[in-house]
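Residue-level structure breakdown
The lines below spell out each chain.
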Amino acid sequence: MGVSFLSTIPPLLALVPVASLTTTTTNRYPSYAVTVRCNKMEIDTTAEDEDRFCRRDILKCAGVTIGMELMASSGLFVEKASAADLIQRRQRSEFLSSVKETLFTAINGNVELLPSLLTLALNDAMTYDKATKTGGANGSIRFSSELSRPENKGLSAALNLLEEAKKEIDSYSKGGPISYADLIQYAAQGVLKSTFLASAIRKCGGNEEKGRLLYTAYGSNGQWGLFDKQFGRADTQEPDPEGRVPLWESANVKEMKDKFVAIGFGPRQLAVMSAFLGPDQAATEALLATDPDVSPWVQKYQRSRETVSETDYEVDLITTLTKLSSLGQQINYEAYTYPVQRVDLSKLKL
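The structure contained in this document is the topic of the report that follows. (Residues numbered from 1 in each chain as written. Predicted model: local features only at pLDDT ≥ 70, side-chain atom pairs only at ≥ 80, totals over all residues. Heavy atoms only, no water.)

Looking at the overall build of the protein
Within the protein, the regular secondary structure consists of 14 helices and two strands. Scored against the burial criterion, the 350 residues of the protein give a buried share of 41%. Partitioning the intrachain contacts of the protein with sequence separation of at least 6 by distance along the chain shows that 72% fall at a separation of at least 24. For the protein, the accessible surface area stands at approximately 19,700 Å², while carbon and sulfur atoms represent 56% of it. (Helix = DSSP H or I, 4+ residues; strand = E, 2+ residues; numbered from the N terminus. Buried < 20%, exposed > 50% of the residue type's maximum accessible area, 1.4 Å probe, protein only. Contact = heavy atoms within 4.5 Å. Areas by Shrake-Rupley, 256 points an atom, 1.4 Å probe, with all protein chains shown as cover.)

Here is the structure:
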């Protein structure tokens, strides 16, 4: 436990006469000079001034000594705190890597569910209400009363896939079960990564090795840093209110724009998330292109997807998903960490 230096002041003040704190006298100590060198004082004083000197300078020297000792000892506390922080970071990083592997396997074995997984993540987050700070990416879509709403029609198969993945993830987690909120958003990340990689492979004529190299060298894999830090979303314990998510397949562009504006987004974010708005991305983009505000962004991302790196499209999509997936959340940066098991040396036999 750390010690506040201020906690040492009250007992030390008792050594100082009250008058010395409230009066000012010129040439109060005319007959001595003091040099403080750590814990040693060199003094040149006359006998009649000896008493006045000692009380004041004992306080000075004690304060310096205690302060230096506290500064020296605080290094140990800092080292312990840093070590604990590093252990937690490593635990979360290792667990997150395993989560991604599990989800990647599940996703690639069910490619027909890719659009549904994206819409599942979008609709879970789109319940966010900026005025009341309620809803958001909180896993509420797992409740049957919310999943059965018209806007979530056809998403049950995607949720079932994630529930099976969750069983596997929870079986090896040492820091408690993964939240649905994290699970759903990281599934969306896995879908995008898989899609980006598949696009790179196609641009290399179907050569998987060259495609992976292309994605590693020019792709967006390094842009996920901030998204990966938002690991520790909490699950809500009840469904979010109805009427907050449009029925994307039948909504007009104005309804889509209004909803995106309501959560703090604009035409740019609406255009880049076209793949999240239903199973037919091309049809969605054709509709969005009819709006003068959204059309320039649709065209921009279509051109970007034709390039080797797809930089503009991929980076903007990652940035938008990162913000969307954190709506309504206070991230717990200690989630999924666990106490390190101590080594019992008494069991060591020589």
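From this point, things continue past the structure.
Re the layout of surface pockets
A volume near 420 Å³ is recorded for the largest pocket. As for the largest pocket, its lining consists of 20 residues, of which L118, T195, A275, Q281 and Y313 are closest to the centre. In terms of residue count, helix 7 (residues 180-203) provides more of the lining of the largest pocket than any other element does, nine residues in total. For the lining of the largest pocket, the per-class residue count stands at 11 nonpolar, five polar and four charged. (1 Å grid on protein atoms, 1.4 Å probe; cavity = no way out; pocket = protein on both sides within 12 Å on 5 of 7 lines; lining within 4 Å. Points joined across faces, edges and corners; volume = space filled by probe spheres on them. Nonpolar A, V, L, I, M, F, W, Y, C, P; charged D, E, K, R; others polar.)

Regarding the packing of helix 4 (residues 114-125) against helix 7
Between helix 4 and helix 7, whose axes approach to 9 Å, the crossing angle comes to 140°. In terms of axis orientation, helix 4 runs oblique to helix 7. As for how helix 4 packs across helix 7, the hand of that crossing is left-handed. Here L114, L117, L118, L120, A121, D124 and A125 of helix 4 lie close against helix 7, whose contacting residues are I184, Q185, A188, V191, L192 and T195. Counted by class, the contact of helix 4 with helix 7 contains 10 nonpolar, two polar and one charged residues. (Axes fitted to C-alpha atoms, helices over the stretch in contact; angles between N-to-C directions. Parallel < 35°, antiparallel > 145°, perpendicular 65-115°, else oblique. Left-handed = near helix turned anticlockwise from the far one by under 90°.)

Quick look at empty space enclosed by the protein
Where empty space is left can be seen by rolling a probe of water-molecule size over the atoms. Overall, the coordinates contain one cavity of 30 Å³ or more when judged by the stated rule. Estimated volume of the largest cavity: approximately 60 Å³. Residue lining of the largest cavity: F196, S199, A200, K203, L214, Y215, Y218, G219, V308, S309, E310 and E314, and that is the complete set. Mapped onto the lining of the largest cavity, the elements with two or more residues apiece are helix 7 and helix 8 (208-218). Split by residue class, the lining of the largest cavity holds six nonpolar, three polar and three charged.

Describing the environment of P241
Of note, P241 is situated in the loop between helix 9 (225-229) and helix 10 (253-262). A relative accessible area of 41% means that P241 is categorised as partly exposed.

Here's the deal with the side chain of S116
With respect to the secondary-structure elements, S116 resides in helix 4. Look past the residues within four positions of S116 in its chain and what remains in contact with it is G154, L155 and A158.

Let's talk about helix 12 (residues 281-288)
Note on helix geometry: an α-helix contains 3.6 residues per turn, so any two residues three or four positions apart are oriented the same way. Buried within helix 12 we find T284, E285 and L288. Buried residues in helix 12, looked at end-on, bunch into an arc of 95°, giving them a common side. Each element contacted by the buried residues of helix 12 is listed here: helix 10, helix 11 (267-272) and helix 13 (295-305). (Arc of directions from axis to C-beta.)

As for the packing of helix 6 (residues 156-172) against helix 7
At a closest axis distance of 11 Å, the pairing of helix 6 and helix 7 adopts a crossing angle of 115°. Of the possible angle classes, the one that applies to helix 6 and helix 7 is roughly perpendicular. Helix 6 and helix 7 meet at a crossing whose hand is right-handed. Only Y180, L183, I184 and A187 of helix 7 make contact with helix 6, whose side of the interface consists of L162, E163, K166 and I169. Looking at the contact of helix 6 with helix 7 residue by residue, the classes come out as six nonpolar, no polar and two charged.

What to know about the nonpolar core
Within the largest apolar cluster, 71 residues are counted, with the highest numbers of intra-cluster contacts made by L103, L120, F276 and L324. The biggest single contributor to this core is helix 7, with 12 residues. Each residue touching L324, except ones within four places of it in the same chain, is listed here: L122, A125, M126, A137, I263, F265 and M273. (Core = buried A, V, L, I, M, F, W, Y, C linked by side-chain atoms within 4.5 Å.)

Side note on helix 4
Given a rise of 1.5 Å per residue, 12 residues ought to cover 16 Å, and the 17 Å separating the end C-alpha atoms of helix 4 matches this to within 8%. By the criterion of burial, helix 4 is predominantly enclosed, with 11 of the 12 residues buried. Residues L114, S116, L117, L118, T119, L120, A121, L122, N123, D124 and A125 constitute the buried set of helix 4. (Expected span 1.5 Å × (residues − 1).)

Considerations on a nonpolar patch on the surface
On the surface, a nonpolar cluster with roughly 370 Å² of combined accessible area is contributed by V343, L345 and L348. Within the secondary structure, L348 sits in the segment after helix 14 (311-324). (Patch = residues over 30% accessible without salt bridge, like charges linked within 9 Å, V, L, I, M, F, W, Y side chains within 5 Å. Salt bridge = Lys/Arg side-chain N within 4 Å of Asp/Glu carboxyl O.)

Here's the deal with the pattern of salt bridges
Tallying each qualifying case throughout the model produces 14 salt bridges. Salt-bridge contacts for D85 lead to R89; the nearest nitrogen and oxygen are separated by 3.0 Å. Of this pair, D85 and R89 both sit in helix 3 (residues 50-108), four residues apart, roughly one helical turn. Residue class for R89 comes out exposed when judged on its relative accessible area of 56%. In this structure, the salt-bridge partner of D316 is R268, at a minimum N-O distance of 3.0 Å. Residue D316 is located in helix 14, and its partner R268 is located in helix 11; the two are separated by 48 residues in the primary sequence. Among the charged side chains, a salt-bridge network with shared partners connects K257, D291 and D293.

Just geometry here; none of it tells us what the structure is for.
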